[in-house]
Amino acid sequence: MSDTPGHLPKKPLSPEEIIDTLKSYSASDDEPGRGGLFAYVYETGLEDLKDIAHKAYNLYAEKNALDFTVFPSVLKMERDIFNIVSELLHGGEGVTGVFTSGGTESNFLAVYAARNYFRKKKGLDVVPEIVMPMTAHPSFDKAGDYLGMRVKRIPIDPDTLKLNLNLLDEYITDETAIVIASAPDWPFGNIDPVKEIAEITSEKGVWLHVDACLGGFILPFLKKLGINIPDFDLSIDGVYSISADIHKYGYAPKGASTLLFRDGELKLYSIYASVKWPGYIFINPTMLSSRSLGPVAAAWAAIHYLGEEGYISLTRKILNAKNKIMNGFEELGFKLLGDCLTTVLAYTHPSINIFNLVDVMMKRGWHLQAQPGVPELDIPPNIHLTLMPIHETISDEFVKDLKTAVEEAREMPRPNIEPILTLLENIEFENIGDILNLVGVGGGEPPKETALINELIRVMPPELAEYILKYFVVYMK
Ligand SMILES: *Cc1c(COP(=O)(O)O)cnc(C)c1O
């Protein structure tokens, strides 16, 4: 017993045993290099890029950014990265950055800085607000929750799926600490009208943050390839901060994002420092305190290894894939949502249940993200695809499978949610397990079919769905 994994072995495991066991654990993981995923990874298919990034990671894996006076290399690597991101996003002289573990942390720190800035200006006795289009990423809800702020999501225009600018003016109040714009948003890939938003926020003196987590490392290259990308970055005066993930279209290993501030004073508000205890000087520019330099070095390596040429060539591959995949969808009668300037696609279909299609495609090895749409605004259920360079190699096969999947999904009935909705009317902690059984995840295993779950989430009160999801996470195997 004591030497089986999960118990501290009396005698150490050998390196072979360790690697074999870890490999066996990954048996049901998807393999990003296969090209079957349309989210989660940003696969280039470039083995040499991975090699150099992993080498750089190992070189710095043991070093700790907690004290940058002991490991000043972190400052050198990060400054190089901030400089490059700032050049890509048209930052001026005073721009300064933070290197974070991901988009959620970058966005969190932007909100944290804006809250502190707001408090300094307006005093402490109001609950500060985050105002954003309903398409903004949930990391802002999370930041609001952690930081005790009120989050107000502005309905989008049901036709364009973009922010309704007239409403923005109404939503901003004296208690608004920050306004968020996305470039682009995740669900539909639309770029918010940052320039027009900035005119409103500047006039009111409100912090404007641009979430370019997804777009920071792809919009500049799409623009260089002649695509008409509207201005979205630090070239616009009213933008106080902007986030860009290096672990998305920067193609670095996970754990790499940047947050840039227009000037050093704004960054001051994002840093936490404490000398209130009898221990070491505690000064954290990020949410994490101890953190490995591995991701910083790997990001530095990926960016410098690809260079502008590398990024442009990878962007071309995505555009080739996009072209073929879009033609496939169009021929099968799908309807595109969003304006499709970027590398994100969202489709709905007039006559098949899109959630069933997701399951049918999953059986064929393709992972499409189901999105609920917005019932109140008549925005239908749809699927999301984040396109990546690897998709150039699989687009023909994908389109072929999509064709047969549509036929199969056409025959399937819409999942019946009525009996479960009745049960949900008086749900108690004790019978959440019954609900999970009914939707096929009672054993705590990941679901093999998701259509029923997606139908439910579309119509359930969000707080109830969120509670059940948390329960599932606690008890899953
Ligand atoms: C991915 C993403 C985030 C969050 O990034 P993580 O790295 O997953 O924390 C935030 N905003 C947008 C628009 C994104 O696409």
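Before reading further, recall that the structure is shown in the block above.
Please read all numbers here as calculations on a predicted model, not as lab measurements. (Residues numbered from 1 in each chain as written. Predicted model: local features only at pLDDT ≥ 70, side-chain atom pairs only at ≥ 80, totals over all residues. Heavy atoms only, no water.)

S.K.: Where do I start with the overall build of the protein chain in this structure?
M.R.: When you go through the protein chain residue by residue, the secondary structure sums to 16 helices and 13 strands. In summary, the protein chain has a C-alpha radius of gyration of 23 Å against a globular reference of 23 Å for 477 residues, a match within 12%. Reported as C-alpha extents along the three principal axes, the dimensions of the protein chain are approximately 65 × 60 × 50 Å. Relative to its full complement of 477 residues, the protein chain shows a buried share of 49%. Of all intrachain contacts in the protein chain linking residues separated by at least 6 positions in sequence, the fraction that spans at least 24 positions is 73%. Between the centroid of the 44 positive side chains of the protein chain and the centroid of its 65 negative side chains there is a distance of 4 Å. (Helix = DSSP H or I, 4+ residues; strand = E, 2+ residues; numbered from the N terminus. Rg over C-alpha atoms; globule rule 2.2 N^0.38 Å. Buried < 20%, exposed > 50% of the residue type's maximum accessible area, 1.4 Å probe, protein only. Contact = heavy atoms within 4.5 Å. Lys, Arg positive; Asp, Glu negative; His and termini not counted. Charge placed at Lys NZ, Arg CZ, Asp CG, Glu CD.)

S.K.: Is there a simple way to think about the pattern of salt bridges in this case?
M.R.: Overall, the coordinates contain 19 salt bridges when judged by the stated rule. The partner of R291 in a salt bridge is E78, with the nearest N and O atoms 3.0 Å apart. In this pair, R291 is assigned in the loop between strand 9 (282-284) and helix 10 (294-331) and E78 in helix 3 (residues 73-88), connecting sequence segments 213 residues apart. Judged on exposure class, the residue R291 and its partner E78 are both buried. R414 is paired through a salt bridge with E455; the nearest N and O atoms lie 3.1 Å apart. In this pair, R414 is assigned in the loop between helix 12 (395-410) and helix 13 (418-424) and E455 in helix 15 (residues 451-459), connecting sequence segments 41 residues apart. Owing to a relative accessible area of 55%, R414 belongs among the exposed residues under this scheme. Take E455: its relative accessible area is 4%, and that puts it in the buried class. Connected through salt bridges with shared partners, the residues E129, R150, K152 and E175 form a single ionic network. (Salt bridge = Lys/Arg side-chain N within 4 Å of Asp/Glu carboxyl O.)

S.K.: What is the right way to read the sheet that holds strand 12 (residues 369-371) from this model?
M.R.: Two strands in a sheet stick together by hydrogen bonds in their backbones, pointing the same way (parallel) or opposite ways (antiparallel). If you trace the four strands from one edge of the open sheet to the other, you get 10-11-13-12, paired in antiparallel fashion. Taken across any chain shown, the strands that pair with only one partner, and hence form the sheet edges, are strand 10 (335-337) and strand 12. Strand-to-strand twist across the sheet, computed as the mean angle between neighbouring axes with direction ignored, equals 35 degrees. In the sheet, strand 10 pairs with strand 11 (residues 344-348) via three bridges, with the strands oriented antiparallel. The residue bridging K335 from the neighbouring strand is T348, located in strand 11. Each of strand 11, strand 12 and strand 13 (382-386) touches helix 11 (residues 354-363); the most contacted strand, strand 13, lies at about 45 degrees to it. (Pairing = 2+ DSSP bridges. Axes fitted to C-alpha atoms, helices over the stretch in contact; angles between N-to-C directions.)

S.K.: Which parts of the structure should I look at to understand the packing of helix 11 against helix 15?
M.R.: Two measures define how a pair of helices packs: the angle their axes make with one another and the distance between the axes. It is at 8 Å that the axes of helix 11 and helix 15 come closest, and there the two elements cross at 150 degrees. In terms of orientation, helix 11 lies roughly antiparallel with respect to helix 15. Two packed elements cross with a definite hand, and for helix 11 against helix 15 that hand is right-handed. Where helix 11 abuts helix 15, its residues F355, N356 and D359 lie against A451, N454, E455 and R458. Grouping the amino acids of the contact of helix 11 with helix 15 by side-chain chemistry returns two nonpolar, two polar and three charged. (Parallel < 35°, antiparallel > 145°, perpendicular 65-115°, else oblique. Left-handed = near helix turned anticlockwise from the far one by under 90°. Nonpolar A, V, L, I, M, F, W, Y, C, P; charged D, E, K, R; others polar.)

So yeah, pure geometry; function would need other evidence.
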